[in-house]
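Spelled out from the first residue to the last, the chains are:
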Amino acid sequence: MPVPLTTPAFGHATLANCEREQIHLAGSIQPHGILLAVKEPDNLVIQASTNAAAFLNTNSVVGRPLRDLGGDLALQILPHLNGPLHLAPMTLRCAVGTPPRRVDCTIHRPSNGGLIIELEPATKTTNIAPALDGAFHRITSASSLLGLSDETATIFKEITGYDRLMVYRFDDEGHGEVLSERRRPELEAFLGNRYPASDIPQIARRLYERNRVRLLVDVNYTPVPLQPRISPLNGRDLDMSLSCLRSMSPIHQKYLQNMGVGATLVCSLIVSGRLWGLVACHHYEPRFVPFDIRAACEALAETCAIRIAALESFAQSQSELVVRRLEQRLVEAVSRDGEWQAALFDGSQSLLQPLGATGAALLFEGQVTTAGDVPSTQRIRDLAAWLDRRRKTTEPAPQALTVTAALTLDEPSFMDLRPIASGLIAAPLSASEGEYLLWFRPEQVRTVTWGGDPLKAVIIGDDPSDLSPRRSFAQWHQLVEGKSEPWSPAELASARLISETVADVALQLRSVRMVIAQDQLATISAQVLRSEQPVIIADVEGRILLMNEAFEQQLRASHPHIPHLRDLGSYFAAPAEFRANLDDLMRNKRSWRGELTLSGAASQRPLMVRADPVIAPYDRVLGFVLIFSDLTERKTAEAARARFQEEIDGARRPSLRLDQRASLIYKELAASTVENAQLAALEVTHGAEAGGMPEMLESIRNSTARTLGILEHLVWYRSQSEE
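Keep in mind that this is a model prediction, so the values were computed, not measured.

Cut-offs and rules
In this numbering scheme, every chain counts its residues from 1 along its sequence in written order. Totals for whole chains, interfaces and linings use every residue, but because this is a predicted model, local features are given only for residues with pLDDT of at least 70 and side-chain atom pairs only at 80 or more, for both listing and counting. Water and hydrogen atoms were dropped before computing side-chain values, which therefore reflect all heavy atoms in the structure. For helices the rule is a DSSP run of H or I covering at least 4 residues; for strands it is a run of E covering at least 2, with both sets numbered from the N terminus onward. We call two residues in contact whenever any of their non-hydrogen atoms come within 4.5 Å of each other. All accessibility values rest on the Shrake-Rupley procedure with a 1.4 Å probe; residue burial counts only the protein chains present in the view. DSSP calls a pair of strands paired once it identifies at least 2 bridges connecting them. A fitted line through C-alpha atoms represents every axis, and for helices the fit uses only the stretch in contact; the resulting angles, taken between N-to-C directions, go from 0 to 180 degrees. To estimate the expected span of a helix, subtract one from its residue number and multiply by 1.5 Å. For every residue, the accessible area (1.4 Å probe, protein chains only) is compared with the maximum for its type, and the residue is labelled buried under 20%, exposed over 50%, or partly exposed between those bounds. When a carboxyl oxygen of Asp or Glu lies within 4 Å of a side-chain nitrogen of Lys or Arg, that pair is called a salt bridge. In this scheme Phe, Tyr and Trp rings, the latter by its six-membered ring, pair at centre separations within 6.5 Å, and the angle between planes marks the pair as stacked below 30 degrees, edge-to-face above 60, and tilted otherwise. Lysine and arginine charges are scored as sitting over a ring when NZ or CZ, respectively, is within 6 Å of the ring centre and within 35 degrees of the ring normal. Every residue gets a pLDDT, meaning the predictor's confidence in that residue, from 0 to 100. Throughout, a disulfide means two cysteine sulfur atoms within 2.5 Å of one another. We define the nonpolar core as a collection of buried residues of types Ala, Val, Leu, Ile, Met, Phe, Trp, Tyr and Cys that are connected through side-chain atoms lying within 4.5 Å of one another. Positive charges are assigned to Lys and Arg, negative charges to Asp and Glu, while His and the chain termini are left out of the count. Between N or O atoms, a polar contact is any pair within 3.5 Å; within protein, one atom must be a potential hydrogen donor and the other a potential acceptor, and residues adjacent in sequence are included only when both atoms are from side chains. Throughout, the term roughly parallel applies to angles under 35 degrees, roughly antiparallel to angles over 145, roughly perpendicular to angles from 65 to 115, and oblique to all others. Left-handed describes a crossing whose near helix is turned anticlockwise from the far helix through less than a right angle; right-handed describes the clockwise counterpart.

Student: Looking at this structure, how should I read the overall build of the protein?
Tutor: Looking only at helices and strands, one finds 19 helices and 25 strands in the protein. Within the protein, contacts between residues at least 6 apart in sequence are counted, and of these 63% link residues at least 24 apart. Of the roughly 31900 Å² of accessible surface on the protein, a fraction of 51% belongs to carbon and sulfur atoms.

Student: Is there a simple way to explain the sheet that holds strand β24 (residues 605–616) in this structure?
Tutor: The pairing of strands in a sheet comes from backbone hydrogen bonds and takes either a parallel or an antiparallel form. If you walk across this open sheet you meet the 5 strands as β22-β21-β25-β24-β23, and the pairing is antiparallel. Among the strands making up the open sheet, the edge pair consists of β22 (544–547) and β23 (592–598). Averaged over all pairs of adjacent strands, the angle between strand axes in this sheet comes to 20 degrees, irrespective of strand direction. Direction of pairing for strand β21 (residues 535–539) relative to strand β25 (residues 620–630): antiparallel, over a ladder of 5 bridges.

Student: Honestly, the sheet that holds strand β17 (residues 423–428) in this entry has me stumped. Any pointers?
Tutor: One open sheet accounts for 5 strands, arranged β15-β14-β18-β17-β16; its pairing is antiparallel. Two strands in the sheet have a free side with no partner beyond their single neighbour: β15 (367–372) and β16 (402–404). For this sheet the average axis-to-axis angle between neighbouring strands, irrespective of direction, equals 10 degrees. Pairing between β17 and strand β18 (residues 436–441): 6 bridges, direction antiparallel.

Student: Just checking my understanding: could you explain the environment of Val 621 for this structure?
Tutor: Along the chain, Val 621 falls in strand β25. Each residue touching Val 621, except ones within four places of it in the same chain, is listed here: Val 540, Lys 589, Pro 613, Val 614 and Ile 615.

Student: Any chance you could explain helix α19 (residues 693–721) here in plain terms?
Tutor: For an α-helix, the turn length of 3.6 residues means that residues three or four places apart are oriented alike. Taking 1.5 Å of rise per residue, the 29 residues of α19 would be expected to cover 42 Å, and the 41 Å separating its terminal C-alpha atoms lies within 8% of that figure. Judged by how many residues are buried, α19 sits mostly within the fold: 22 of 29 residues are covered.

Student: Mind showing me how you'd approach the pattern of salt bridges here?
Tutor: Side chains that differ in sign of charge can pair as their charged atoms come close. Scanning the model with the defined rule gives 23 salt bridges in all. Two residues, Arg 184 and Asp 163, come together in a salt bridge whose shortest N-O distance is 2.8 Å. On the criterion of sequence distance, the pair formed by Arg 184 in the loop between β8 (176–183) and β9 (194–195) and Asp 163 in the loop between α4 (145–160) and β7 (164–170) is long-range, its members being 21 residues apart. Overall, Arg 184 belongs to the partly exposed group, its relative accessible area being 29%. Assessed through its relative accessible area of 8%, Asp 163 is described here as buried. Linking Glu 698 and Arg 701 is a salt bridge whose minimum nitrogen-to-oxygen distance equals 3.0 Å. In this pair, Glu 698 and Arg 701 both sit in helix α19, 3 residues apart, roughly one turn of the helix. Salt bridges linked by common partners bring Arg 212, Glu 298, Glu 302 and Arg 706 together as one network.

Student: What is the right way to look at the packing of aromatic side chains in this model?
Tutor: Given two aromatic rings, one states the distance between the centres and the angle between the planes to describe the pair. Tallied over the full model, the rule gives 6 aromatic pairs. A ring pair is formed by Phe 291 and Tyr 717, whose centres lie 5.0 Å apart and whose planes are at 70 degrees; its orientation type is edge-to-face. Of this pair, Phe 291 sits in helix α7 (residues 291–337) while Tyr 717 sits in helix α19, and the two are 426 residues apart along the sequence. Note on accessibility: Phe 291 and Tyr 717 belong to one class, buried. Here the aromatic rings of Phe 551 and Phe 628 are separated by 4.9 Å at their centres, their planes lie at 40 degrees, and the arrangement is tilted. Placement of the pair is Phe 551 in helix α15 (residues 549–552) and Phe 628 in strand β25, with a sequence separation of 77 residues. Phe 628 matches Phe 551 in its accessibility class, with the two residues each being buried. Cluster of aromatic residues (ring-pair linked, three or more members): Phe 572, Phe 578 and Trp 592. The ring of Phe 55 has Arg 101 lying over it, and the distance from NZ or CZ to the ring centre is 4.0 Å. For Arg 287, the ring lying beneath its charged end belongs to Tyr 162, and the centroid distance is 5.5 Å.

Student: I tried to follow unusual backbone geometry on my own but got confused; where do I start?
Tutor: Trans peptide bonds make up the majority, and among non-glycine residues the majority have a negative phi. In this structure, the amide linkage connecting Thr 98 to the following residue, Pro 99, adopts the cis form with an omega of -5 degrees. Within the element layout of this structure, Pro 99 appears in the loop between β4 (90–96) and β5 (101–108). Phi angles above zero are rare outside glycine, and Asn 57 is one such case at about 60 degrees. One can find Asn 57 in the loop between α1 (52–56) and α2 (73–77).

Student: So what exactly am I meant to see when it comes to the confidence of the model for the protein here?
Tutor: Averaged over all residues, the pLDDT of the protein is 81; the fraction at 70 or higher stands at 85%. pLDDT under 50 marks residues 1–6. Its contacts with residues more than four places away, or in other chains, come to 3 contacts. Between residues 456–474, whose pLDDT stays under 50, and residues either more than four places distant or in other chains, the model counts 47 contacts.

Student: Teacher, can you tell me more about the state of the cysteines here?
Tutor: What we call a disulfide is simply a covalent bond connecting the sulfur atoms of a pair of cysteines. Inspection of the entire model under this criterion finds 0 disulfides. Free cysteine: Cys 105, not disulfide-bonded; nearest cysteine sulfur from Cys 94 at 4.6 Å. Cysteine Cys 297 remains unbridged, with the sulfur of Cys 267 as its closest cysteine sulfur at 4.9 Å.

Student: Any chance you could explain the environment of Val 403 here in plain terms?
Tutor: Among the secondary structure elements, Val 403 is positioned in strand β16. On the accessibility criterion, Val 403 (38% relative accessible area) is partly exposed. Taking the C-alpha atoms as reference points, Val 403 and Pro 486, separated by 83 residues in sequence, lie 9.5 Å from one another. Each residue touching Val 403, except ones within four places of it in the same chain, is listed here: Leu 424, Ile 425, Trp 487 and Leu 492.

Student: Where do I start with the pairing of β22 in this structure?
Tutor: On a regular strand, each side chain points to the face opposite its neighbour's, so the side chains alternate between the two faces of the sheet. Pairing geometry for β21 and β22, over 3 bridges, is antiparallel. Note on β22: the bridge partner recorded for Ala 538 is Ile 544.

Student: How should the side chain of His 108 be read in this particular structure?
Tutor: Looking at the secondary structure, you find His 108 in strand β5. Excluding residues within four positions of it along the chain, His 108 makes contact with Leu 85, Pro 89, Leu 115, Ile 116, Glu 118, Leu 242 and Ser 243.

Student: Explanation requested: the nonpolar core in the structure shown.
Tutor: Among the nonpolar cores identified, the biggest contains 94 residues, and Leu 36, Ile 77, Ile 117 and Leu 119 are the most heavily contacted of them. Broken down by element, the residue count for this core peaks at 15 residues, all from α7. Ile 77 has contacts with Leu 66, Leu 92, Cys 105, Ile 107, Leu 115 and Ile 117, leaving out every residue within four places of it along the chain. Core analysis: the next-biggest nonpolar cluster, separate from the first, contains 30 residues, Ala 360, Ile 425, Ala 427 and Leu 429 among them.

Student: Hey, could you run me through the side chain of Arg 214 in this one?
Tutor: Its location among the elements puts Arg 214 in strand β10 (residues 213–216). Here Arg 214 sits buried without a salt bridge, and the closest side chain of opposite charge, Glu 118, lies 7.2 Å off (N-O distance). Only 3.2 Å separates the side chain of Arg 214 from the backbone oxygen of Arg 246, close enough to count as a polar contact. Contacts of Arg 214, omitting those with residues within four sequence positions, involve Tyr 208, Ser 243, Cys 244, Arg 246, Ser 247, Met 248, Thr 264, Leu 265 and Val 266.

Student: Would you explain the packing of helix α3 (residues 129–141) against α4 in this entry?
Tutor: For any two helices packed against each other, the geometry is given by the interaxial angle and the distance between the axes. α4 packs onto α3 with a crossing angle of 165 degrees between their chain directions and a minimal axis gap of 9 Å. Classified by the angle their axes make, α3 and α4 are roughly antiparallel. The chirality of how α3 crosses α4 is left-handed. For the pair formed by α3 and α4, the contact residues are Ala 135, Arg 138 and Ile 139 on the first element and Leu 148, Glu 151, Thr 152, Thr 154, Ile 155 and Glu 158 on the second.

Student: How should the environment of Lys 39 be read in this particular structure?
Tutor: Inspection of the secondary structure assignment puts Lys 39 in strand β2 (residues 34–39). Between the alpha carbons of Lys 39 and Gly 63 there is a distance of 9.9 Å; along the sequence they are 24 residues apart. The contact partners of Lys 39, leaving out residues within four places of it in the chain, are Leu 44, Ile 46 and Leu 233. Polar contacts involving the side chain of Lys 39 include one to the side chain of Asp 42, which spans 3.0 Å.

See the structure below:
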């Protein structure tokens with residue numbers, strides 16, 4: 001029987017189960033502040049860190065109402081208790097203790113009830129607004145990912161003063177790489193180092209997505225426990241996911257000690273809803289960072305994430321331009337010569353460059369056409385047979401890509417292809433076996449530099465009191481063989497666009513052949529009928545010769561036989577307009593491109609129609625081909641664009657009451673933030689695939705709203721602090 005997975009409590013993980021350590025249930029805090037857990041509505045303290053009484057200069061804390069703790073804490077937090085404190089903490093300045101002293105107070109509501117109050121000693125505030133405004137412009141002006149990473153590292157070094165700043169990106173396997181670094185000259189360089197995914201457990205990554213800034217003041221601190229440990233509200237450990245004082249995992253603490261690090265500040269980079277990377281700040285002695293600097297860092301990280309999304313989308317849009325030119329060339333070749341394979345490989349760079357491939361092959365109707373460095377024809381056919389077998393066993397979605405950067409490791413029978421085809425993208429062109437568009441990349445033997453041996457991420461031992469993450473972080477070099485350069489998301493998007501275009505052209509050609517050559521009817525009509533894209537073929541009089549299953553599925557479950565193209569009018573929302581365009585197509589033999597709304601389906605569905613006459617030599621018209629494309633995703637994307645603009649225009653209005661000077665500062669910062677968001681949205685609109693655009697725009701809107709909230713909070717906080 002399988003051994004059940006254990007979920008260790010905080011501080012009780014072994015090296016075998018630390019991946020599942022409940023680090024959000026720490027039950028203790030860092031000692032530079034105090035934590036109070038409060039029961040509402042009487043605002044009675046039911047849990048407190050054991051240093052709270054000394055911090056407040058009182059005999060006891062638990063069991064007392066907030067108003068008895070001195071100062072104006074209860075009065076100051078009251079106006080903010082109706083806010084979304086379960087999503088984002090709120091920080092304000094108040095006075096507590098006997099005699100009262102100024103503190104920074106951060107409040108939020110945990111998932112399992114109550115109110116958490118965290119207090120830190122107040123420090124002199126800094127006018128960070130001018131530096132932030134300049135930093136926003138520097139980030140927005142970055143024209144490449146590496147340039148943006150370098151600028152971000154520099155800005156964070158200037159603002160925080162840490163000894164080492166790193167911009168850290170995660171790959172598809174969860175491993176991290178240091179893209180950019182700023183450090184004191186005498187420190188060892190970490191630039192280019194990679195770190196294994198095991199260094200940051202999945203539960204920690206999820207917390208990075210919720211709590212975007214994490215401060216560790218002193219790596220060698222002694223945790224301060226909560227008293228009582230279990231919440232009287234629910235009999236469970238307090239959920240400290242959003243806590244700014246939460247203790248670090250002893251394993252992570254030991255890891256940093258082994259690195260010689262004294263203090264850290266880590267900011268999350270969330271791009272399109274996923275943890276893209278981190279801005280990691282290391283200091284080699286204890287270092288406290290006040291709230292206003294932490295808030296500025298969070299705003300900068302959000303702005304950087306927006307710019308990353310824009311740059312990635314722009315790179316994709318550039319590839320899409322190349323793909324669209326290729327599509328135009330294929331369409332022209334079909335209409336001119338009735339042949340498209342030669343046009344696809346005419347100027348092979350347009351096929352290879354968008355994917356960074358060194359070779360490509362087309363398998364279509366038994367023929368193999370190639371460009372660049374490719375395997376032999378027989379081995380290409382062997383690859384197609386292997387792909388056919390995989391499709392039968394895995395049952396992927398229609399038109400799903402097969403992608404690998406390690407073909408010979410995935411399938412050792414292709415070991416002889418290693419120098420040419422270690423990397424492979426395969427796109428099926430139809431439901432028929434053996435019809436693919438393939439791209440190849442050669443093996444790239446390279447040395448990967450790790451920050452320590454990734455195979456020795458820990459030193460074996462099961463005693464929690466003797467946790468031993470790896471002690472050596474000296475550069476460890478690994479020779480990687482049998483793999484190509486990984487395919488990027490932008491390259492995969494280009495592969496989908498090209499393969500969809502080729503599949504569409506192939507479908508169009510087969511539709512034309514059906515009208516031209518009756519002797520090929522049985523073979524080609526089967527391929528058209530099984531196509532995922534709706535198509536209708538009619539003769540020169542408009543009588544319907546074929547209506548494929550994909551179009552039938554768009555109609556009502558039961559509908560009468562449709563003999564003629566004109567009979568389709570009643571199935572569309574504007575039948576008169578449909579018939580007028582159809583008459584123009586049939587009478588004047590002019591191609592028709594337009595949008596239609598199909599009203600005969602279970603729900604109205606927007607479609608794009610591409611209707612063309614089939615013209616034989618001497619301008620003789622043989623019939624008509626109507627191919628339909630579902631516009632639902634595109635319409636959703638257009639609605640998302642309009643909604644984004646409407647919501648972003650209203651997002652800059654402050655929710656807090658600001659004085660005239662603070663309002664002016666906020667408006668200047670907000671203008672830069674909204675300008676960056678609008679620029680990113682424009683680039684996403686031109687670069688992203690329609691299906692993913694609403695999610696990306698929503699991510700940018702959320703990041704912008706979050707940034708504006710941080711800036712508003714920061715400006716309000718500073719104006720309040722100067723009173």
